[in-house]
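Summary of structural features
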Amino acid sequence: SLDLDTSTDGVLTADTHLVQSFADLDLLKQDGARTVIVGAEGAYVTDSEGNKLIDGIGGLWCVNAGHRRREIIDAITEQLETLDFYSTFYNFTHPAAAALATKLAELAPGPLNKVHFANSGSVANDSAIRILHHYYNRLGQPKKKQILSRHGAYHGSTHLAIAMTTSAYSEGWDKVQGLVHHLRCPHHWREGGEMTEAEFLVALLEDARARIEEVGAENIACFIAEPIMGAGGIVMPPAGYHAAMGAICGDYEIKYISDEVVTAFGRLGHFFASKDVFDVQPDIITTAKGLTSGYQPLPATILSDEIHEVISDRGGVFLHGMTYSGHPAAAAAGLANIALMERDRIPQNVRTTGKRFEGNLRALADMEMVGEVRGSHFMMGIEFVRDKADKTPFAPEDMIGLKVARAAQKRGLIARPLGNILILSPTLVMDGAMIDRTAAILRESIAEVH
Ligand code: PLP
């Protein structure tokens, strides 16, 4: 048998060969800057010092079914023992990818019945855009290529996905120019001024219509939006926003892409949130993360029948795909993960446990340093402010989110700092005691830093 080295030798040295993502690479040169995760079970992970930590970020908003679920591990193993790899290129296919596509067509809302697999959420979004551009070429509308996104969005870090993302994630980096138009961020608390939420909604919709008129609907392929903005700071739009944006897209014949990389597979209490939670029928849903609960990389771009009809009905080769699109082991993981979620009624349970989590976190809003607690179910953010009365933010050098995250980790909870915001996106299998413990740790940690 293979003797896997689980020691941490070499992992923590300043001159490690590993280039980490979204990290201050200079800070990482300091001793003790890294946390080495060596094991996991259920809602917990273990670090190299032997600490058992509540995984408050679910790996990276993805380990929805919890860590080390036997059913998923066995399905991956069995698949690898039967068919380790074959692609879904040309006329080849394999049972796992076909079965998972069928299952996703069943779960996705309305006419979203055709599934293309990719290898990261970023690429699932790139795929959606490439496919739509090709769709409009086929319809004889080659000018219809521009993209509407929003300030505050996060759609990934490939060159195109980062162009659709908030500029906070590309400071000092280049962006594809001339293709993406950012609409207003739908964050009432920060952006709404004196307006009520309903007035703010009207203003957002007017802004969207004005931008569409300015760019010209004949030049716009699509609007892309996360149901709740995630990595941009957990932004829940005003009530009715997505349904209204869906209607505007319909009026102007602009396709609506719902980026459900985070919000799907139970995180908000449903397999998909677009229709069930936000009452919008997208033309395309992109998803990833919770699809396999992170056990294997497997994103999907789910297309409407109508889009698929146009790209498939006149012959010609579909010139798009990645070697590992629909990898057998990943597809097997997705099937086992969904079966487990259905058997254990994970999305349904989240409607209760996630509400308890949300309620516990919202209670932290009584603390002096807490400006806003926002989000829904197991997708929450806490924004810290220097002055609660006028929402004055902390300065970046205060590193307030990082300080609270460190204080929480000392107490047994991993949370993700993002400037002045702390993000919580745990596994969906926390019981009531863990949920209460998480809120208690956060209260103590915030009090310590204050
Ligand atoms: N879209 C959203 C909403 C995300 O949150 C992310 C990643 O966090 C992505 C896309 C990109 O996914 P990936 O990191 O798998 O490329």
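Residues numbered from 1 in each chain as written. Predicted model: local features only at pLDDT ≥ 70, side-chain atom pairs only at ≥ 80, totals over all residues.

1. Structural notes on the nonpolar core
Counting residues in hydrophobic clusters, the biggest one holds 125 residues, and the most contacted among them are Cys222, Phe223, Ile302, Ala332, Ala333 and Ala415. Top contributing element to this core by residue count: helix α11 (residues 328-343), with nine residues. Structurally, this core is a two-domain feature, drawing no fewer than three residues from each of domain 1 (27-68 + 345-449) and domain 2 (72-343). Those residues in contact with alanine 415 that sit more than four places away from it in its chain are Gly56, Ile57, Ala405, Ala408, Leu422, Ile423 and Leu424. (Core = buried A, V, L, I, M, F, W, Y, C linked by C-beta atoms within 7 Å. Buried ≥ 20, exposed ≤ 12 C-beta atoms within 10 Å, placed from the backbone. Helix = DSSP H or I, 4+ residues; strand = E, 2+ residues; numbered from the N terminus. Domains from an automatic or database assignment. Contact = placed C-beta atoms within 7 Å.)

2. Topic: the confidence of the model for the protein
Put simply, the protein has an average pLDDT of 96, and 97% of its residues get 70 or more. Across the predicted assembly, pTM comes out at 0.97 and ipTM at 0.99. (pLDDT = per-residue confidence, 0-100.)

3. Digging into the site of the ligand
Around the ligand, a shell composed of 14 residues is seen, among which Ser120, Gly121, Ser122, Gly156 and Val261 lie nearest. A total of three residues in the shell around the ligand trace back to one element, the largest contributor, which is helix α4 (residues 121-138). In the shell around the ligand, the residues fall into five nonpolar, seven polar and two charged. (Near = placed C-beta within 6 Å. Nonpolar A, V, L, I, M, F, W, Y, C, P; charged D, E, K, R; others polar.)

4. Re the environment of glycine 140
Along the chain, glycine 140 falls in the loop between α4 and β5 (146-150). Judged by local crowding, glycine 140 falls into the exposed class, with 7 C-beta atoms found within 10 Å.

5. Topic: the packing of α4 against helix α10 (residues 305-312)
As a packed pair, α4 and α10 sit with axes 9 Å apart at the nearest point and diverge in direction by 60°. By the criterion of interaxial angle, the relationship of α4 to α10 is oblique. Both α4 and α10 take part in a crossing whose hand is left-handed. Contacts between α4 and α10 pair Ile131, His134, Tyr135 and Arg138 from the former with Ile307, Val310 and Ile311 from the latter. For the contact of α4 with α10, the residue count by class is five nonpolar, one polar and one charged. (Axes fitted to C-alpha atoms, helices over the stretch in contact; angles between N-to-C directions. Parallel < 35°, antiparallel > 145°, perpendicular 65-115°, else oblique. Left-handed = near helix turned anticlockwise from the far one by under 90°.)

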